[in-house]
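Reading the structure
Chain by chain, the residues run as shown.
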Amino acid sequence: MEATAAPFSSIVSSRQNFSSSSSIRASSPASLFLSQKSIGNVNRKFKSPRSLSVRASSTSDSVVTLLDYGAGNVRSIRNALRHLGFSIKDVQTPGDILNADRLIFPGVGAFAPAMDVLNRTGMAEALCKYIENDRPFLGICLGLQLLFDSSEENGPVKGLGVIPGIVGRFDASAGIRVPHIGWNALQVGKDSEILDDVGNRHVYFVHSYRAIPSDENKDWISSTCNYGESFISSIRRGNVHAVQFHPEKSGEVGLSVLRRFLHPKLPATQKPMEGKASKLAKRVIACLDVRTNDKGDLVVTKGDQYDVREQSNENEVRNLGKPVDLAGQYYKDGADEISFLNITGFRDFPLGDLPMIQVLRQTSKNVFVPLTVGGGIRDFTDASGRYYSSLEVAAEYFRSGADKISIGSDAVSAAEEFIKSGVKTGKSSLEQISRVYGNQAVVVSIDPRRVYVNHPDDVPYKVIRVTNPGPNGEEYAWYQCTVSGGREGRPIGAFELAKAVEELGAGEILLNCIDCDGQGKGFDIDLVKLISDSVGIPVIASSGAGTPDHFSEVFEKTNASAALAAGIFHRKEVPIQSVKEHLQEERIEVRI
Ligand code: 1PR
């Protein structure tokens with residue numbers, strides 16, 4: 001049976017609660033997790049871990065204890081555990097840690113606030129004791145990093161000190177994009193057991209910080225991964241495991257990692273496969289543009305150059321299926337990621353009638369790859385005068401199963417303001433959300449339109465020489481950003497916007513192109529090259545895919561990290577697997 005008591009996160013993150021807007025507005029990362037007031041309450045509730053002894057395993061084999069301190073999306077791990085037939089007991093006191101039969105710690109958010117919560121609540125001490133006693137433990141992502149001596153993330157900040165070493169940031173000057181987002185294969189070293197089914201299959205990473213192998217920690221290392229350098233992707237000593245990747249987001253192979261942790265005696269189905277060095281795989285993303293049609297149903301739609309209405313007398317919104325069903329299908333078909341864009345979010349407040357929240361909750365029950373949601377993320381005051389911060393909107397999306405949120409129109413305003421003033425106010429939705437949830441959780445969606453010019457000096461924006469001249473033989477163009485679903489052009493180019501949002505904290509760019517959208521003639525290579533060469537964060541090429549060749553073209557000619565398509569998948573013209581197979585034939589690394 002599922003524990004009925006509220007999780008630890010609901011005690012410590014009551015400030016994140018949807019009804020407490022004012023407290024969130026003023027929050028810093030640490031204070032978001034634990035206000036002074038709530039620290040007092042929490043501490044009063046906890047007994048000292050010293051007073052508790054570790055008891056022998058006695059509870060049901062189908063219960064797993066989860067340490068959730070409320071900093072992000074742990075819905076996915078909950079869903080994965082339920083999917084595997086386990087029920088969850090949430091940690092509420094340090095004693096719950098010490099008494100756990102198996103403990104999963106899916107660390108999310110930043111190192112410093114996480115350590116702050118663990119130290120203040122007595123959880124740090126209980127965790128160390130639990131691990132010292134070689135009790136079954138699985139740390140995930142930050143749950144691995146916190147085991148080390150310290151981290152440079154907003155630090156140095158002291159960690160739990162279980163494993164020797166310092167967690168540092170990936171070095172972007174080595175020519176890699178930071179954050180490390182995507183699918184990599186592992187080099188599996190010593191017998192790790194939980195990685196027995198992984199072999200050379202890819203698993204999903206999303207992080208900017210990593211621990212480096214050294215003589216001091218080599219006995220702990222069970223696998224490494226290569227991203228510009230070799231870093232620690234998993235550790236194992238006795239019953240203590242931790243992984244830098246996200247098993248709950250790594251599809252079937254990730255579920256097998258969890259299954260093996262939960263059933264340690266599971267016989268090996270085959271000789272454990274050896275991993276091999278790999279490059280970060282290029283991602284293939286399925287995008288679902290979602291809106292309510294004229295009958296009031298939430299549908300997946302798809303436009304031609306952003307016009308989503310049929311060219312019939314009725315002029316209705318094109319209906320290509322149901323969001324949850326299609327997302328489930330694309331997961332089974334091998335999509336590396338799924339994006340939901342609430343395309344009328346700019347006029348309908350996303351938390352107004354919660355349709356996207358329901359879509360996320362339902363989808364995340366059965367889809368174990370990353371989910372991004374966008375549309376309407378901004379500060380908002382409703383008709384009754386109630387103010388909602390964009391942070392609240394994002395928090396609700398993360399709680400409902402999103403791994404990343406995507407900001408469109410509001411990021412354009414933030415970039416315009418930043419370019420004009422040269423000052424980072426820290427108040428834009430982009431800045432606030434990336435500060436609290438990390439920049440890897442924030443995508444900026446750009447909706448540019450090509451504007452041809454005769455001469456590079458014709459406009460004060462970045463102009464490029466285009467491969468195909470304009471209608472009047474123009475050899476140059478700039479890419480004008482738009483807002484409100486392409487309805488309004490703004491005085492800022494895609495190049496200027498991309499540079500500005502990277503500085504403001506975006507972790508990734510979703511680069512659409514209105515001219516190419518729905519045309520099936522290929523991505524705008526000029527645009528994708530311009531932007532992916534200009535920023536150090538991953539760029540997702542979007543708009544125009546019509547054949548598998550278009551995917552290999554964009555990966556061969558530009559530095560895009562991922563390519564996204566909608567129409568060809570919705571209309572079943574090209575299966576996702578055909579795209580993957582084609583990329584493999586072209587020797588482009590993908591997750592199969
Ligand atoms: O501005 O923060 O509310 O976000 C609104 C979001 O909705 C933005 O991400 C914006 O791109 C998206 N959006 C708004 N209107 C439309 C529309 O189509 N009328 N969809 C829209 C944009 C573009 C792609 C599309 C690709 C691939 N969709 O995401 O899926 O172009 O299509 P294809 O493969 O069929 O060519 P905010």
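Everything in this summary refers to the structure shown in the same document. (Residues numbered from 1 in each chain as written. Predicted model: local features only at pLDDT ≥ 70, side-chain atom pairs only at ≥ 80, totals over all residues. Heavy atoms only, no water.)

What follows concerns the nonpolar core. By size, the foremost hydrophobic cluster in this structure holds 126 residues, and its most contacted members are Ile338, Phe340 and Phe551. When we break this core down by domain, the ones giving at least three residues each are domain 1 (61-260) and domain 2 (281-304 + 316-408 + 424-440 + 508-584). Here phenylalanine 551 is in contact with Val284, Phe523, Ala545, Ala563, Ala565, Ile568, Phe569, Val579 and Leu583, once residues within four sequence places are set aside. If you look at the next biggest cluster of nonpolar residues, it comprises 37 residues, including Met115, Ala124, Ile131 and Phe148. (Core = buried A, V, L, I, M, F, W, Y, C linked by side-chain atoms within 4.5 Å. Buried < 20%, exposed > 50% of the residue type's maximum accessible area, 1.4 Å probe, protein only. Domains from an automatic or database assignment. Contact = heavy atoms within 4.5 Å.)

As a matter of local geometry, the ligand sits amid 25 residues, with Ser409, Ser445, Asp447, Asp517 and Ser543 nearest to it. In this structure, a nitrogen atom belonging to the ligand sits 2.9 Å away from a main-chain N or O atom of tyrosine 306. The separation between an oxygen atom of the ligand and a polar side-chain atom of asparagine 512 is 3.3 Å. Relative to its unbound accessible surface of 770 Å², the ligand loses 98% to contact with the protein. Broken down by secondary-structure element, the contributors of at least two residues to the shell around the ligand are β15 (283-292) and β29 (562-565). Its residues assigned to classes, the shell around the ligand comprises 9 nonpolar, 12 polar and 4 charged. (Near = heavy atom within 4 Å. Polar contact = N/O pair within 3.5 Å; in protein donor to acceptor, adjacent residues only side chain to side chain. Areas by Shrake-Rupley, 256 points an atom, 1.4 Å probe, with all protein chains shown as cover. Helix = DSSP H or I, 4+ residues; strand = E, 2+ residues; numbered from the N terminus. Nonpolar A, V, L, I, M, F, W, Y, C, P; charged D, E, K, R; others polar.)

Of note, glycine 408 is situated in the loop between β21 (404-407) and α14 (409-421). With a relative accessible area of 22%, glycine 408 lands in the partly exposed category. Linking glycine 408 and phenylalanine 346, residues 62 residues apart in sequence, is a C-alpha distance of 8.8 Å.

All right, on to helix α5 (residues 75-83) then. Listed as buried for α5 are Ser76, Ile77, Arg78, Asn79, Ala80 and Leu81. Considering only its buried residues, α5 is in contact with β1 (63-66), β2 (87-90), β3 (103-107), β4 (137-141), α10 (251-262) and α12 (355-366). Just downstream of α5 lies glycine 85, where phi reads positive at about 90 degrees.

Time to look at the sheet that holds strand β13 (residues 230-237). In space, the 8 strands of this open sheet follow the order β2-β1-β3-β4-β14-β13-β12-β9, with mixed pairing throughout. The sheet is open, and its two edges are formed by β2 and β9 (186-188), each paired on a single side. Pairs of neighbouring strands in the sheet enclose a mean axial angle of 25 degrees, with direction left out of account. Of the strand pairs in this sheet, β3 and β4 are connected by 5 bridges, and their pairing is parallel. Its bridge partner being in β4, proline 106 is matched across the sheet by isoleucine 140. (Pairing = 2+ DSSP bridges. Axes fitted to C-alpha atoms, helices over the stretch in contact; angles between N-to-C directions.)

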